[in-house]
Amino acid sequence: MASKAADVIGTQPLLPQPWVVSEVTRETDDVVTLTMDPGSGAAPMVFRPGQFNMLYAFGVGEVPISISGDPAHEAQLIHTLRAVGFVTRALCALQPGDLIGVRGPYGSHWPIEQHAGRDIVLVAGGIGLAPLRPAIYHILSHRDRYGEVALLYGARKPDELLFPDEFDAWRKAGIQVEITVDNADACWEGRVGVVTTLIRHGRFERTAASAFMCGPEVMMRFAAQELENQGVTPDKVFVSMERNMKCAIGLCGHCQLGPEFICTDGAVFALPRVQRLMTIREL
Amino acid sequence: MKDLVTLVAEHPFFEDLAPAHLALVVGCAQMAVYKKNDYLFKYGDDAAYFFLLRYGRVALELTGPGADSFRFQTVGAGEVLGWSWLFPPHQSQFDARVIEDARVIRFDGKCLRAKCDSDPVLGYDLMKRFAQVMVRRFADTRLQLIDVYGKQGR
Amino acid sequence: MGPKRDASAFILPVARLDELFAALRSRGYACVGPTVRDAAIVYGDIEHSADLPRGWTDDHAPGSYRIKRRSDNAYFGYVVGPHAWKKYLFTPERRLWQLQRAGAKWERTDPPVEVQKYAFIGVRACEIAALQIQDRIFTGGQFVEPNYAATRREVFVVSVNCTQSASTCFCVSMDTGPEVRGGSDLTLTEILQPEHCFVVRADSERGDEVLASLDLDCARSEHSHAAAVGVDHARRQSRRLETAGLKDLLRRNSESPQWQDIASRCLSCANCTLACPTCFCSSVEDVSDLSGDHAERWQRWDSCFNPDFSYMHGGEVRRTTAARYRQWMTHKLSTWFDQFGSSGCVGCGRCISWCPVGIDITEEARKMREAEGVQS
């Protein structure tokens, strides 16, 4: 039998929900951290480290941005984003009290819980520290579950480092925080050099370590190679990938990387799944 | 306190060095301590030494008129600094300034070159070790050159 | 669309074709199907049998499509046109939502959308395969496209067995046609002998119900025989796509010089993706009015041949036509298996006919296979 004529089409999965921006923190020249609360009556967001949301600037557009806050603090949602296009510029210009559209959380997560008992190496490049910060918070809350933990973080210049105010607290909690920048003037007393050099000198047990990486793809390729040189096998390495994304729910086709949909299969992948794909030009 | 032979043997740069060669290189080595803002060498100096860093950090810098010095690399504990001693005209190509008090093992280049010339097996071994360092440096420099964190994205 | 049933065939005389449309309309269906417009056979509203392309056929070749008169009055005497049924389910352009900013609130202002009940008239076997592929994409995964799902559930499929093939058809090699096997409510085979009529079979409960209401005579053996001969005729296809090992062939050939060769011909025009009945990529555009308080999101068909498709900050990932064609063909014939468990190609040949420079996916696959043979 044909069903009744006037069914109404249900919830639109691409409809953003309004959240209220409660705090805007300028991290660097072009990077901003937005703290937001659920709109009145709306539920807080439960997410796992490494997941992302689609953030919408009213009337302007929508972009995928990883969550950079603490997964244990559900009442607040925190995103750190860089103003590179017109949507991210509009989002970075939001003020406390403004509404921001959110839908998510989407995608896979850092398998941090499955790797309890091991040494953890977090390799971050540039804005790539933001998607790793929820994993750092998770480790801080469960420090005794992990062996050595090393954050190896590379940025372009000293004033482009994210979250420098937190490094001391992380160190006190037993995380090695090793920083390097690509170039600097004489005021900088830290390391200068690429992030791969940190991998050579990081303090962790090579065969008992799992690595989580986020940064530019070229950087991750070199870092993956260095990790392998050091004895960390690719199956213990996880990377967060990025591509153009419109829907975030595996339907629009934009974010394909070979057989993978970055939005639903990723953004976090075990390295062997994408290692070959990362070497194919213009894929 | 450990003696010089042990310290040289324990440094990653000389990992698995043959005992006979170890004795030869230690003959050209001495311990040294540098304070913050000391220079290990400056641009244009005779490249008389190379250094194994045991503690501390050294910045490699280039300076031009009217500009702050440009710091393009730092070298830390466990690393080696200086290969100009190996190649004519044996001149330093940049400034090496200490930014964290450094304890180093300093090798006399002229002394070591003479030993390499008379013992080519030692010379080849040393050349391989320095070549590996250079290859890594070049790879790192390439990565710096493409400015991966820049606005262009990679 | 239940399990395949034992066929019991009936005869629908051409003079009674309009009764079928009336029966569907009375059940709330809007009939859509083939009609002649702009020198092509396209899918549009069908009020009665006169809207169908009676007496028309089509000539296909790489880069070429022409309709021409037949010597008879067959209603379904053509193969496929530039349209695919996806346009009714996954519409080329659609507003997803409207929001009005009122103080500290956003209010959704779009009216509720009622599900349109369609009867698809004249669906070919390859097109059913395409619909089933898009069903898996839009309704078979973790996330469901609600508009597609709701509309698709109501579709009444009146399929037509092919009794002829075009030079561009290769459904036999893709195992998707020319005979309808499932996925249909009513299945017609148009025969011209012993008299011009349709052999009709019901393939679902709702098909049964409509068929019963028409009160048709049973088909005689000469009708069934003529229908079988017609379908056999359509099975004779010269074009084929060798599917054995095809998935791995493309996976291995991501760096083949052949992509450059194709790129020297491909215009990156996106015609193949628009004509393809399985291509599903879309983009969204967010717009606002001048006040800035009213915002809408529109979804539009997109194509992996568009430069912006792969845009990330810093530039497009697929800058060259070679990379875009590789993406399309590799997706269609290889990575589609990883994603959706089947090939993305149903062998309808549209991408061949509507490619302005006549690039032929079957030929390119063959050349790639040959090039490997030469190398090894």
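Residues numbered from 1 in each chain as written. Chains lettered and ligands numbered in written order. Predicted model: local features only at pLDDT ≥ 70, side-chain atom pairs only at ≥ 80, totals over all residues. Heavy atoms only, no water.

Visitor: Can you tell me about the overall build of chain A, naming the residues and giving the values?
Guide: When its secondary structure is counted, chain A shows 6 helices and 15 strands. A compact globule built from 283 residues should have a C-alpha radius of gyration of about 19 Å, and chain A, at 19 Å, falls within 12% of that. Evaluated residue by residue, chain A yields a buried proportion of 61% over its 283 residues. In chain A, 69% of the contacts between residues at least 6 apart in sequence involve partners at least 24 apart. In the form shown here, chain A has an accessible surface area of approximately 10200 Å², with 50% of it arising from carbon and sulfur atoms. Computed over 25 positive and 32 negative side-chain charges, the inter-centroid distance for chain A is 5 Å. (Helix = DSSP H or I, 4+ residues; strand = E, 2+ residues; numbered from the N terminus. Rg over C-alpha atoms; globule rule 2.2 N^0.38 Å. Buried < 20%, exposed > 50% of the residue type's maximum accessible area, 1.4 Å probe, protein only. Contact = heavy atoms within 4.5 Å. Areas by Shrake-Rupley, 256 points an atom, 1.4 Å probe, with all protein chains shown as cover. Lys, Arg positive; Asp, Glu negative; His and termini not counted. Charge placed at Lys NZ, Arg CZ, Asp CG, Glu CD.)

Visitor: Would you mind going over the interface of chain A and chain B in detail, with residue names and values included?
Guide: Taken together, the contact between chain A and chain B spans 33 residues of the former and 25 residues of the latter. When the buried surface of chain A facing chain B is broken down by residue, A:Asp182, A:Glu189 and A:Val192 rank first, second and third, together holding 21% of it. Among the salt bridges present, the one from B:Asp147 reaches A:Arg156, with a minimum N-O distance of 2.7 Å. The interface formed by chain A and chain B contains 10 residue pairs in polar contact (both at pLDDT 80 or more). Where the side of chain A that touches chain B is concerned, the elements lending two or more residues are strand 8 (149–155), strand 10 (191–192), helix 4 (195–201) and helix 5 (217–229) of chain A. Looking at the side of chain A that touches chain B residue by residue, the classes come out as 13 nonpolar, 10 polar and 10 charged. (Buried area = accessible area lost by both parts, 1.4 Å probe. Salt bridge = Lys/Arg side-chain N within 4 Å of Asp/Glu carboxyl O. Polar contact = N/O pair within 3.5 Å; in protein donor to acceptor, adjacent residues only side chain to side chain. Nonpolar A, V, L, I, M, F, W, Y, C, P; charged D, E, K, R; others polar.)

Visitor: Give a description of unusual backbone geometry that names residues and reports values.
Guide: Here the residue pair B:Pro88 and B:Pro89 is connected by a cis peptide bond, since its omega of 5° sits within 30 degrees of zero. With respect to the helices and strands, B:Pro89 occurs in the loop between strand 5 (80–81) and strand 6 (95–108). Residue C:Pro178 is reached from C:Gly177 by a cis peptide bond, and omega for that bond is 5°. Position of C:Pro178 relative to the elements: it lies in the loop between helix 5 (171–174) and strand 10 (186–191). Backbone geometry places A:Phe163, a non-glycine residue, at a positive phi of 55°.

Visitor: Please set out helix 11 (residues 321–340) of chain C residue by residue, giving values where relevant.
Guide: Residues and elements named next belong to chain C. Its axis deflected by about 60° at His 331, helix 11 carries its strongest bend there. The buried fraction of helix 11 is high, at 18 of 20 residues. At the exit of helix 11 stands Gly 341, carrying a positive phi of roughly 75°. (Bend = angle between axes of the 7 residues up to and from the residue.)

Visitor: Any chance you could break down the pairing of strand 7 (residues 105–108) of chain C for me, citing the residues and the numbers?
Guide: Residues and elements named next belong to chain C. Two strands pair when backbone bridges link them, and strand 6 (residues 93–102) and strand 7 are joined in this way by 4 bridges, in the antiparallel orientation. Paired with Arg 101 across the strands is Trp 106, a residue of strand 7. Taking the residues between adjacent antiparallel strands as the criterion, strand 6 and strand 7 are bridged by 2 residues, where Gly 103 takes a positive phi near 60°. (Pairing = 2+ DSSP bridges.)

Visitor: For the sheet that holds strand 13 (residues 282–288) of chain C, give the residues involved together with the corresponding values.
Guide: Residues and elements named next belong to chain C. Ordered in space as 7-6-14-13, the 4 strands form an open sheet in which the pairing is antiparallel. One side of each edge strand has no neighbouring strand; the edge strands of this open sheet are strand 7 and strand 13. When strand polarity is set aside, the average angle formed by the axes of neighbouring strands in this sheet is 25°. In this sheet, strand 14 (residues 294–301) lies alongside strand 13 in antiparallel orientation, the contact comprising 7 bridges. (Axes fitted to C-alpha atoms, helices over the stretch in contact; angles between N-to-C directions.)

Visitor: Before we move on, can you summarise the interface of chain C and chain A with the specific residues and values?
Guide: Contacts between the two partners involve 62 residues from chain C, matched on the other side by 49 residues from chain A. Summed over both sides, the interface of chain C with chain A buries roughly 4600 Å², with 58% coming from carbon and sulfur. Where C:Arg297 meets A:Glu62, a salt bridge forms, and the shortest distance between an N and an O atom there is 2.9 Å. When residues of the side of chain C that touches chain A are assigned to their parent elements, the largest contribution, 8 residues, is made by helix 11 of chain C. Across the side of chain C that touches chain A, the residue classes break down as 26 nonpolar, 16 polar and 20 charged.

Visitor: Summarise the packing of aromatic side chains; cite the residues concerned and give the values.
Guide: Enumeration according to the criterion identifies 45 aromatic pairs over all chains in this entry. Centroid distance A:Phe261 to C:Phe340: 6.1 Å. Interplanar angle 55°. Geometry classified as tilted. Of this pair, A:Phe261 sits in strand 14 (residues 260–261) while C:Phe340 sits in helix 11, which puts the two residues in different chains. Accessibility assignment for this pair places A:Phe261 and C:Phe340 in one class, buried. (Phe/Tyr/Trp six-rings, centres within 6.5 Å; stacked < 30°, edge-to-face > 60°.)

Visitor: Please provide a residue-by-residue account of the confidence of the model for chain B, values included.
Guide: Residues at a pLDDT of 70 or more form 97% of chain B, whose mean pLDDT is 92. ipTM for the predicted complex: 0.92, alongside a pTM of 0.92. (pLDDT = per-residue confidence, 0-100.)

Visitor: Can you tell me about the sheet that holds strand 15 (residues 268–270) of chain A, naming the residues and giving the values?
Guide: Residues and elements named next belong to chain A. Ordered by their spatial adjacency, 7 strands build an open sheet running 10-9-8-7-11-12-15, and the pairing between neighbours is mixed. The strands lining the two open edges of the sheet, one partner per strand, are strand 10 and strand 15. Across 3 bridges, the pairing between strand 12 (residues 237–240) and strand 15 is antiparallel. Looking at the pairing, Ser 240 lines up with Val 268 of strand 15. Each of strand 7 (119–125), strand 8 and strand 11 (209–214) is contacted by helix 2 (residues 129–141), which is oriented at about 155° to strand 7, the strand it contacts most. Strands strand 7, strand 11 and strand 12 of the sheet are contacted by helix 5, whose axis makes an angle of about 170° with strand 11.

Visitor: Lay out empty space enclosed by the protein in plain terms, naming residues and giving numbers.
Guide: Residue and element names in this part refer to chain C. For the coordinates displayed, the defined rule picks out 10 cavities of 30 Å³ or more. In this structure, the largest cavity spans a volume of roughly 130 Å³. If you trace the largest cavity, you find 17 residues lining it, with Cys 266, Cys 272, Tyr 325, Cys 355 and Ile 359 closest to the centre. A class-by-class count of the residues in the lining of the largest cavity yields 14 nonpolar, 2 polar and 1 charged. (1 Å grid on protein atoms, 1.4 Å probe; cavity = no way out; pocket = protein on both sides within 12 Å on 5 of 7 lines; lining within 4 Å. Points joined across faces, edges and corners; volume = space filled by probe spheres on them.)

Visitor: How would you sum up the domain arrangement of chain A? Please name residues and give values.
Guide: Residue and element names in this part refer to chain A. The assigned domain composition of chain A is domain 1 (17–106) and domain 2 (119–240). Computed from C-alpha coordinates alone, the two centres of domain 1 and domain 2 are separated by 24 Å. Listed by partner, the interface residues are 17 residues for domain 1 and 13 residues for domain 2. Carbon and sulfur atoms supply 64% of the area buried between domain 1 and domain 2, which totals about 1100 Å² over both sides. Counting across the interface, domain 1 meets domain 2 through 0 salt bridges. Linking domain 1 with domain 2 are 1 residue pair in polar contact (both at pLDDT 80 or more). (Domains from an automatic or database assignment.)

Visitor: Describe the pairing of strand 12 of chain A, with residues and values.
Guide: Both faces of the sheet carry side chains from a regular strand, because those side chains alternate between them. Residue and element names in this part refer to chain A. With burial as the criterion, each face of strand 12 is covered, one bearing Val 237 and Val 239 and the other bearing Phe 238 and Ser 240. Across 3 bridges, the pairing between strand 11 and strand 12 is parallel. Opposite Ala 211, over in strand 12, you have Val 237 as the bridge partner.

Visitor: I'd love a proper account of the side chain of A:Gln51, names of residues and values included.
Guide: All names here are of chain A. When you line up the elements, Gln 51 lands in the loop between strand 2 (31–38) and strand 3 (52–57). In this structure the side chain of Gln 51 is engaged in a polar contact, spanning 2.8 Å, whose partner is the backbone oxygen of Gly 107. When sequence neighbours within four positions are dropped, the list of residues in contact with Gln 51 reads Ser 66, Ile 67, Pro 105, Tyr 106, Gly 107, Ser 108 and His 109.

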